[in-house]
Amino acid sequence: MEANPKNVFTIKVEDGKPGKDGQPAVGPVFRSVLAKDGFPELEPDMKTSWDVFRVAAGKYPNNRMLGWRPFKDGVPGPYLWKSYKEIYDEVLQAGSGLQHLGVKPGSRVGIYGANCPQWIVAMEACNANSLICVPLYDTLGAGAVDYIIDHAEIDVVFIQDKKIKEILSPNCKSAKRLKALVAFTSATSEQIKEADNIGMKMYAWNDFLKVGKDNPRQPCLHKQVIYALSCIQVEQADSPKDLNALRDDIVELKPTLLVGVPRVYERIYEGILKAIAELRPLRRVIFNALYNRKLASMKAGYSHKTASPFADMLAFRKVKARLGGRLRLLISGGAPLSNEIEEFMRVTTCAYFIQGYGLTETLGPSTVCYIDDMALVGSAGVPATYTEIRLEEVPEMGYDPLAVPSRGEICIHRKFLFAGYYKSPELTNEAIVDGWFHTGDIGEMTPDGILKVIDRKKNIFKLSQGEYVAVEYLEKVYGFPPLVEDIWVYGDSFRSSLVAVVNPHEENTMKWAQSNGYKGSFAEICKLEGLKEYILKELAAVAQKNKLRGFEYIKGIVLDPVPFDIERDLVTATMKKRRKNMQNYYQSEIDMVYKKLEAQKNAAKSK
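Counting from 1, residues in each chain are numbered in the order their sequence is written. Whole-chain, interface and lining totals are the exception, using all residues; otherwise, since this is a predicted model, local features are given only for residues with pLDDT of at least 70 and side-chain atom pairs are given and counted only at 80 or more. To obtain the side-chain values, all non-hydrogen atoms of the structure were included, while hydrogens and water were left out.

Going by what an unreviewed UniProt entry lists, the protein chain is known as AMP-dependent synthetase/ligase domain-containing protein and is assigned to Miscanthus lutarioriparius.

Set out below in structure tokens:
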């Protein structure tokens, strides 16, 4: 066996420039080595998002495309499937139905509900007819949906059955502008009558497809250029968003590709560690020895397949089996994943594991990792083929792209970016300057053009002593103690210290309670002052280990036994924290923590 030589993925096409005349400094411009002579031409039959689906359906008509698990009495059944040909026919019928309703190219079509096969059909129907697809996330409240329908001037909404009542509610004033509602499955006679009373048609799914079948039209395409693809997780519309049920889905599906946000991989990681902890001591020692051996070989340049076939056969095939047994590639996106977990997944899953980075505004992934290159662990990868990337100075945060390491706001240039924010020219002009899109994310770039996402420009605040705090970085650091399931760090310019809301890890917390003589439910244990004190000590130890500055230490905490969830509107569908919502939700408890800290401070002064 021979290790792979060092790979070269990027070229530097421009040097960095110092700031002058009030303009910020910018770092070097990097481009993919695949585009060293300029952005290559696209394949002639793959120039639009519709082409991607059309070509796939033509090549693989009988392959399974969309699958879902129907629920009966709350229990998921086996996966049911539709082929590419079946979905393609439904898309043509849905598109014809939209044309029959008089929906013209350039019009906006909303899709309101959880991911399901009908969601994808509606989206592809938009792609086929030059319609703008406007996702109305199933987590949005009635007020937000009303605003979006009006602001985006939506004509038709495809809708999950249980959401119909929200559109037909008198509080949804914008419903009057809609031409039609199309239910994902069915609509009641009462709902059809209510819709008719406010001047719009209401269709059950199959009825709408029949309208299109009886009135066939050809797709109506404009120049929708696509330079990158993003993956969409499809799940049954009525299934709970429960990461704990993920393993059951994976075992049932036996996927070859898994795409998820970091929280998904954190849960998988925790599950594997739990299984390892239950092994006999000798087997744990053997597992760890095999892990270290394979990791060392991979860092030396060997592929995951050749690093240690013996370790794969003896230990890691069991991890592979826990993930369905057929996985070939795992992709993480949406937020940075810790180095520790990425390394673990690369070693133990017997599959390729990569991260990527991109935004809706950049039409998909802007950076990609390459398989079997450990130099990319912990990074978002290198510029994608049709992308150029540079960093821009953020002086108020101390980020300098010309320093070592090079750090600053990630700016992206592509042959095509998004057209702009609808009805927001000022916001568009602020985001796109001289052809460069300013992401708002803070990156760190190596001299080889490898990008890490380390912070968020807007998720910073200044404490009363004038120090800036990068909150997302701290949450990543503080998320490692065994008793911490999740954490939200808070501070403001009127306070000199940080506090946090912690979701304790239930199993580890109950073990702690048992070993310390406490009894009660998980919720009752989370009310114990002793638990708060213990977790604070754990957080302090993490801060010390990571050499955080004094003002970055967390001084007080609130414990919430209920995980940050979509139902309370505390996180997005991709588990990103809604910080303003979290502040509003926990404000009274935060104020109590600060009062307690102030009292302790005054008591110490009086001694």
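Back to the write-up after that little detour.
*Asks:* An account of the overall build of the protein chain is requested, with residue identities and associated values reported.
*Replies:* Where helices and strands are cited, they refer to DSSP runs of H or I of at least four residues and of E of at least two residues respectively, numbered from the N terminus. Looking only at helices and strands, one finds 18 helices and 26 strands in the protein chain. Oriented by its inertia axes, the alpha-carbon framework of the protein chain measures out at about 80 × 65 × 60 Å. Each residue is placed in one exposure class: buried if its accessible area under a 1.4 Å probe, protein chains only, is under 20% of its type's maximum, exposed if it is over 50%, and partly exposed if it falls in between. For the protein chain, the proportion of its 607 residues judged to be buried stands at 46%. Pairs of residues are marked as contacts when any of their non-hydrogen atoms sit within 4.5 Å. In the protein chain, the share of contacts with a sequence separation of at least 24, taken over all contacts with a separation of at least 6, comes to 63%. Accessible surface for the protein chain amounts to roughly 30800 Å². Of this, 53% is attributable to carbon and sulfur atoms. Placing the 81 positive and 75 negative side-chain charges of the protein chain at their respective mean positions leaves the two points 3 Å apart. Method for areas: the Shrake-Rupley scheme with a 1.4 Å probe, in which residue coverage is limited to the protein chains shown. This count recognises Lys and Arg as positive and Asp and Glu as negative, with His and chain-terminal groups excluded. Every charge is mapped to an atom, namely NZ of Lys, CZ of Arg, CG of Asp or CD of Glu.

*Asks:* Tell me what's going on with the domain arrangement of the protein chain, and back it up with residues and numbers.
*Replies:* How far each domain reaches was decided by an automatic or database domain assignment. Domains assigned within the protein chain are domain 1 (10-17 + 242-410 + 443-456), domain 2 (50-214) and domain 3 (460-606). Taking only C-alpha atoms, the centre of domain 1 and the centre of domain 3 are 27 Å apart. On the side of domain 3, 13 residues touch domain 1, which itself brings 16 residues to the contact. Each partner contributes to the roughly 1200 Å² buried at the junction of domain 1 and domain 3, and carbon and sulfur atoms together form 56% of this total. Reported buried area values correspond to the accessible surface (1.4 Å probe) lost by two parts on association, with both partners' losses combined. Three residues, Arg263, Glu396 and Asp455, lead the burial of domain 1 against domain 3; their summed loss comes to 29% of the area buried on that side. By definition here, a salt bridge exists when the distance from a side-chain nitrogen of Lys or Arg to a carboxyl oxygen of Asp or Glu is within 4 Å. Counting across the domain 1 and domain 3 interface gives two salt bridges. Residue glutamate 507 pairs with lysine 274 through a salt bridge whose shortest N-O separation is 3.5 Å. Here a polar contact means two N or O atoms within 3.5 Å. Within protein one must be a hydrogen donor candidate and the other an acceptor candidate, and residues neighboring in sequence count only if both atoms are side-chain atoms. Scanning the region where domain 1 abuts domain 3 turns up two residue pairs in polar contact (both at pLDDT 80 or more). For the side of domain 1 that touches domain 3, the secondary-structure elements that each account for two or more residues are α9 (262-277) and β21 (451-456). Ranked by residue count, the leading element in the side of domain 1 that touches domain 3 is α9, at four residues. The residue classification treats Ala, Val, Leu, Ile, Met, Phe, Trp, Tyr, Cys and Pro as nonpolar and Asp, Glu, Lys and Arg as charged. All others, Gly included, are polar. Looking at the side of domain 1 that touches domain 3 residue by residue, the class counts come to six nonpolar, two polar and eight charged.

*Asks:* I'd like to hear about the side chain of glutamate 409, residue by residue, with values.
*Replies:* If you trace the backbone, glutamate 409 turns up in strand β18 (residues 406-414). Look at glutamate 409 and you get buried, because its relative accessible area is 4%. From its side chain, glutamate 409 meets the backbone nitrogen of glycine 440 in a polar contact 2.8 Å long. Other than its neighbours up to four places away in sequence, glutamate 409 contacts Arg390, Leu391, Glu392, Val394, His438, Thr439, Gly440, Asp441, Ile442 and Lys457.

*Asks:* A description of the environment of leucine 327 should follow, citing residues and the corresponding values.
*Replies:* On the secondary structure map, leucine 327 appears in the loop between α11 (309-322) and β13 (329-332). Each C-alpha atom of the pair leucine 327 and threonine 349 lies 7.9 Å from the other, and the pair is 22 residues apart in sequence. Contacts of leucine 327, omitting those with residues within four sequence positions, involve Pro255, Thr256, Leu257, Leu258, Lys320, Cys350 and Ala351.

*Asks:* Give a detailed account of the packing of aromatic side chains, specifying residues and quantitative values.
*Replies:* Any two of the Phe, Tyr and Trp rings considered here, Trp counted by its six-membered ring, make a pair once their centres fall within 6.5 Å; the pair's planes then place it as stacked at under 30 degrees, edge-to-face at over 60, or tilted in between. Applying the stated rule across the entire model yields 21 aromatic pairs. Aromatic side chains phenylalanine 418 and tyrosine 421 sit 4.9 Å apart centroid to centroid with 65° between the ring planes, which places their arrangement in the edge-to-face category. When its relative accessible area of 13% is taken as the criterion, phenylalanine 418 is described as buried. Under the relative-accessibility criterion, tyrosine 421 is labelled partly exposed at 26%.

*Asks:* So, the sheet that holds strand β26 (residues 554-559): which residues are in play, and what are the values?
*Replies:* Strand pairing is assigned whenever DSSP detects at least two bridges linking the two strands. On the basis of which strands lie adjacent, the open sheet formed by three strands has the order β24-β25-β26 and mixed pairing. With one partner strand each, in any of the chains shown, β24 (484-490) and β26 form the two edges of the open sheet. Each neighbouring strand pair of the sheet contributes to a mean axis angle of 30°, computed without reference to strand direction. As paired strands, strand β25 (residues 498-504) and β26 are joined by five bridges and run parallel to one another. Considered in β26, the bridge of alanine 500 is made with isoleucine 557. Lines are fitted to the C-alpha atoms to define the axes, a helix being fitted only along its stretch in contact, and any angle between axes, read from their N-to-C directions, falls within 0 to 180 degrees.

*Asks:* Give me the lowdown on the state of the cysteines, citing residues and values where you can.
*Replies:* By convention in this document, the label disulfide applies to cysteine sulfur atom pairs within 2.5 Å. Inspection of the entire model under this criterion finds zero disulfides. Free cysteine cysteine 220: the closest other cysteine sulfur is in cysteine 126, separated by 13 Å. Using a relative accessible area of 28% as the deciding quantity, one classes cysteine 220 as partly exposed. Take cysteine 350: it sits in no disulfide, and the sulfur closest to it among the cysteines is that of cysteine 369, at 20 Å.

*Asks:* Please provide a residue-by-residue account of the pairing of β25, values included.
*Replies:* β25 sits mainly inside the fold: seven of its seven residues count as buried. Residues Leu498, Ala500, Val502 and Pro504 of β25 are buried on one face, and the alternating residues Val499, Val501 and Asn503, pointing to the opposite face, are buried as well.

*Asks:* For unusual backbone geometry, give the residues involved together with the corresponding values.
*Replies:* A cis amide bond links valine 404 to the next residue, proline 405, at an omega of 0°. Checked against the element boundaries, proline 405 lands in the loop between β17 (387-392) and β18. Positive phi is not limited to glycine here, since cysteine 350 has a value of about 60°. Structurally, cysteine 350 is set in the loop between α12 (339-348) and β14 (352-359). According to the relative accessible area criterion, cysteine 350 is buried, its value standing at 15%. Notably, aspartate 434 is not glycine yet its phi reads approximately 55°, a positive angle.

*Asks:* Account for the pairing of β17, naming residues and giving values.
*Replies:* Most of β17 is tucked away: six of the six residues are buried. The two faces of β17 match: Thr387, Ile389 and Leu391 on one face and Glu388, Arg390 and Glu392 on the other face are all buried. Strand direction decides the pairing type here: strand β2 (residues 29-32) and β17, joined by two bridges, are antiparallel. In the strand pairing of β17, arginine 31 is matched with glutamate 388. Bridge count between β17 and β18: six bridges; the pairing is antiparallel. When the bridges of β18 are listed, threonine 387 appears paired with arginine 414.

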